[in-house]
Structures are given as structure tokens and as C-alpha cells.
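Survey of secondary and tertiary structure
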Amino acid sequence: MNFQEKVVLVTGAAVGIGRATALRFAELGARLVLLDVAFEKLQRVRDEAGALGTKVLIFDCDISDEARVGEVVAEAVRHFGKIDVLVNNAALWRCRSAFVDTPTAEWRRFFDINVMGTVYVTQAVLPTMIAQGWGRVINVASVAGVYGNRNMAHYSATKGAVISFTKSLAKEVAEQGITVNAVSPGSVSPAEREDVNYTQPSELSYLGRTGSDKENAELICFLASDGASYITGQNIQIDGCRRKL
Ligand SMILES: NC(=O)c1ccc[n+]([C@@H]2O[C@H](COP(=O)([O-])OP(=O)(O)OC[C@H]3O[C@@H](n4cnc5c(N)ncnc54)[C@H](O)[C@@H]3O)[C@@H](O)[C@H]2O)c1
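Counting restarts for each chain, with residues numbered from 1 along the sequence as it is written. Since the coordinates come from a predicted model, pLDDT governs what is reported: local features require at least 70, and pairs of side-chain atoms require 80 or more to be given and counted, while whole-chain, interface and lining totals use all residues.

The next point concerns the overall build of the protein. Note on conventions: DSSP H or I runs of at least 4 residues are helices, E runs of at least 2 residues are strands, and numbering of each starts at the N terminus. Looking only at helices and strands, the protein has 7 helices and 7 strands in total. We take the radius of gyration over the C-alpha atoms and set the globule estimate at 2.2 Å times the residue count to the 0.38 power. Compactness check: the protein gives a C-alpha radius of gyration of 17 Å against a globular reference of 18 Å for 245 residues, within 12% of the reference. Our exposure labels follow a C-beta count within 10 Å of each residue's own C-beta, placed from the backbone: buried means 20 or more other C-beta atoms, exposed means 12 or fewer, and partly exposed covers the counts in between. Across the 245 residues that make up the protein, the buried fraction comes to 44%.

Glancing now at the site of the ligand. Only the C-beta atom matters for this test: placed from the backbone, it must lie within 6 Å of a molecule or strand for the residue to be near it. Taken together, 29 residues form the shell around the ligand, and within it Gly-12, Gly-16, Ala-90, Ala-91 and Ala-191 come nearest. Gly counts as polar in this scheme, as do all residues outside two lists: the nonpolar Ala, Val, Leu, Ile, Met, Phe, Trp, Tyr, Cys and Pro, and the charged Asp, Glu, Lys and Arg. Residue classes in the shell around the ligand are distributed as 17 nonpolar, 10 polar and 2 charged.

Let's shift gears to the packing of helix α3 (residues 66-80) against helix α4 (residues 104-132). Between N-to-C directions, angles cover 0 to 180 degrees, with each direction set by a line fitted to C-alpha atoms, over the stretch in contact for helices. Put simply, α3 and α4 touch, their axes get as near as 9 Å, and they point 30° apart. When the axis of α3 is compared with that of α4, the two are roughly parallel. Considering how the two elements wind past one another, α3 and α4 form a crossing that is right-handed. Seen from α3, the contacting residues are Glu-66, Val-69, Gly-70, Val-73 and Val-77; seen from α4, they are Tyr-120, Val-121, Ala-124, Val-125 and Thr-128. Within the contact of α3 with α4, the residues separate by chemical class into 7 nonpolar, 2 polar and 1 charged. Angle categories are assigned with fixed cut-offs, so that under 35 degrees is roughly parallel, over 145 is roughly antiparallel, 65 to 115 is roughly perpendicular, and the rest are oblique. Note: crossing handedness is left-handed where the near helix turns anticlockwise from the far helix by less than a right angle, and right-handed where it turns clockwise. We call two residues in contact whenever the C-beta atoms placed from their backbones are within 7 Å.

Attention now moves to the packing of α4 against helix α6 (residues 153-173). Geometrically, a packed helix pair is captured by the angle between its two axes and the distance between the axes. Running from amino to carboxyl end, α4 crosses α6 at an angle of 20°, the nearest separation of the two axes being 9 Å. Taken together, α4 and α6 sit at an angle that is classed as roughly parallel. As for the relative orientation of α4 and α6, their crossing is right-handed in sense. Here Glu-106, Trp-107, Phe-110, Phe-111, Asn-114, Val-115 and Thr-118 of α4 lie close against α6, whose contacting residues are His-154, Tyr-155, Thr-158, Lys-159, Ala-161, Val-162 and Phe-165.

With that out of the way, let us pick up the environment of Ala-141. For Ala-141, the location among the structural elements is in the loop between β5 (135-140) and α5 (144-147). Accessibility expressed as a C-beta count within 10 Å gives 29 for Ala-141, which makes it buried. Between the C-alpha atom of Ala-141 and that of Asn-114, which follows or precedes it by 27 residues, the distance is 9.0 Å. The contact partners of Ala-141, leaving out residues within four places of it in the chain, are Lys-159, Val-162, Ile-163, Ala-182, Val-183, Ser-184 and Asn-235.

Turning our attention to α6. Since there are 3.6 residues in each turn of an α-helix, residues three or four apart along the chain are aligned in direction. Multiply 1.5 Å by the residue count of a helix minus one, and that product is the helix's expected span. In this model α6 runs 30 Å from its N-terminal to its C-terminal C-alpha over 21 residues, within 8% of the 30 Å that 1.5 Å per residue would give. For α6, every residue scored as buried is listed here: His-154, Tyr-155, Ser-156, Thr-158, Lys-159, Val-162, Phe-165 and Thr-166. On its buried side, α6 packs onto α4, β5, α5, β6 (178-185) and β7 (235-238).

Attention shifts here to the pairing of β7. Taken residue by residue, a regular strand's side chains alternate between the two faces of the sheet. Sheet topology note: the β6/β7 ladder contains 4 bridges and is parallel. Paired with Ala-182 across the strands is Asn-235, a residue of β7. Consider the strands pointing away from the viewer: the crossover is right-handed when the path from the first strand over the helix to the second runs clockwise. Remark: the β6/helix α7 (residues 213-224)/β7 crossover connection has left-handed handedness. Pairing between two strands is assigned when DSSP locates at least 2 bridges connecting them.

This is how it looks when you write it as C-alpha cells:
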């Protein structure tokens, strides 16, 4: 895989899958636009990616702030001239409460970031992809969006929305040379570890372990590569064969 000519935007790039994805794209030669609300950690990722020899722009950006997303994407396009690949990775997921105990404000908070944030960034980036007749959108969803996690109804619903958004958008932009896919990780934790290869034993997968940030990054990079040119409108689970609890 070679991304020498490509500009890649990753949201939520300060830790975890987003950080591993940014670093893997940097190794493969891409120029990077990285967004996160955890700006100090994002500065460290900029330094790590920069040390691999690539150009990196970082932005302190809450993806649920539509106006800020518009500003940031416009500045990135002014700087690099285009965005070829969009990885919608930023999301809230740490939660555990019964549906009856979950305030509706919490539903709104999760939908504002996980769904509307994804919509704002995608809407801001798509015109540059349409103008050049080529683009790749990869949305990070979750097995929770496929099976539904107990005591995570609001989170699961946001990821179900991201998966159906992916399938719909793929059909709308296929003729413009843009593919749109989702990846749905199983368990990949904890995100704060420096080691992108970190895994733990897990009873939630038949492979008996969690997935690593690096394994998720590899799948995302593959979907952005020329090798994945005939894959669109798909949700690809990366879960070690999930036990559907
Ligand atoms: N870790 C898992 O087990 C797991 C499993 C399935 C799916 N996922 C999905 O993978 C993605 C990454 O998760 P992770 O566990 O690697 O990292 P994480 O959830 O720890 O971090 C995500 C990053 O997004 C940033 N972020 C959160 N809200 C934001 C906002 N409003 N604007 C901008 N940035 C924001 C955070 O600061 C953080 O750096 C998420 O979409 C998550 O739902 C994770």
C-alpha cells in the first residue's frame, strides 16, 4: 500500500484506533489532517507521525460543532489542496447503564457526537472528493451497531445509524468514484496504551483475545487503498469472530 500522493483526515486521532491509523498512514507516506478534542495528546501524535517523515496538520476540534468542523476542513483543503481519504473514527463509547436509567440528555450527547459529528465531517469533506472524482470514506462503527450491546442501547443505536448511513451514502456517491465503508471492531481496549499491538485475553471472541489498534488500522488503510477499489457499501466486522452475548 502506498499513500504518497494522498491526504488523509482522521477524527479522534489522539489515542487508540485513530492514533494507530494516523501512524500507519504516515508510514505509508500519506499527509495527515488530524482532529481531536484531546489536543495535548494529539500534539504527541503529530510529533510521532512527523518523525516518520510526513506532513501533519492538527486541529483542536469537537466534531459535534458544525461551524468549527467547516472551518477546520476549509483550512486543511486550503493547505493541502484536497482530502482523499476520510476516517470518521471519533466517538463516545464508554457507558454502561440500563435503558430505563439512561437520561435522554445522554442519548442526545451520544447522537450529537457519534452520528451528527460523522455527518458534519463527511458533509464538509465530500465536495473536495466529488470535485476530483475520487475518494474513500471509512466510518468506524462497532459490533454494538450490529448485535446491540446490553446496557449500551444509546451507544449501540448510534453505531447502527453509522452503519446504515454508510450503506446509503455509498450508493449516492459511487458514480463519483467515491467508496464508503464501515469497519466494526469488537473489543479493542484500552485505547490509551502506547503499544499499538496490545491485546488482552477475551471471552468475547472465538479467537480468545481482543483486537489491537494496529489490526484495526491495517483494515482501515486497506479499505483506503487501491486494492479495495471494488469494495463499497460494506460493514466489515473485525472482531475475532464475536460471541454474540
Ligand atoms: N475500543 C473498543 O473496544 C471499540 C470497540 C468497538 C468500536 N470502537 C470504536 O472505535 C473508535 C475509536 O475508539 P478507541 O477505543 O480507539 O478510542 P477512544 O474512544 O478512547 O477515543 C476516541 C478519540 O476520539 C476523541 N473524541 C471523542 N469525542 C470527540 C469529539 N466530540 N470531537 C473530536 N474528537 C473526539 C477522543 O478524545 C479520543 O481521542 C470509536 O468510534 C469507537 O466507538 C471501539
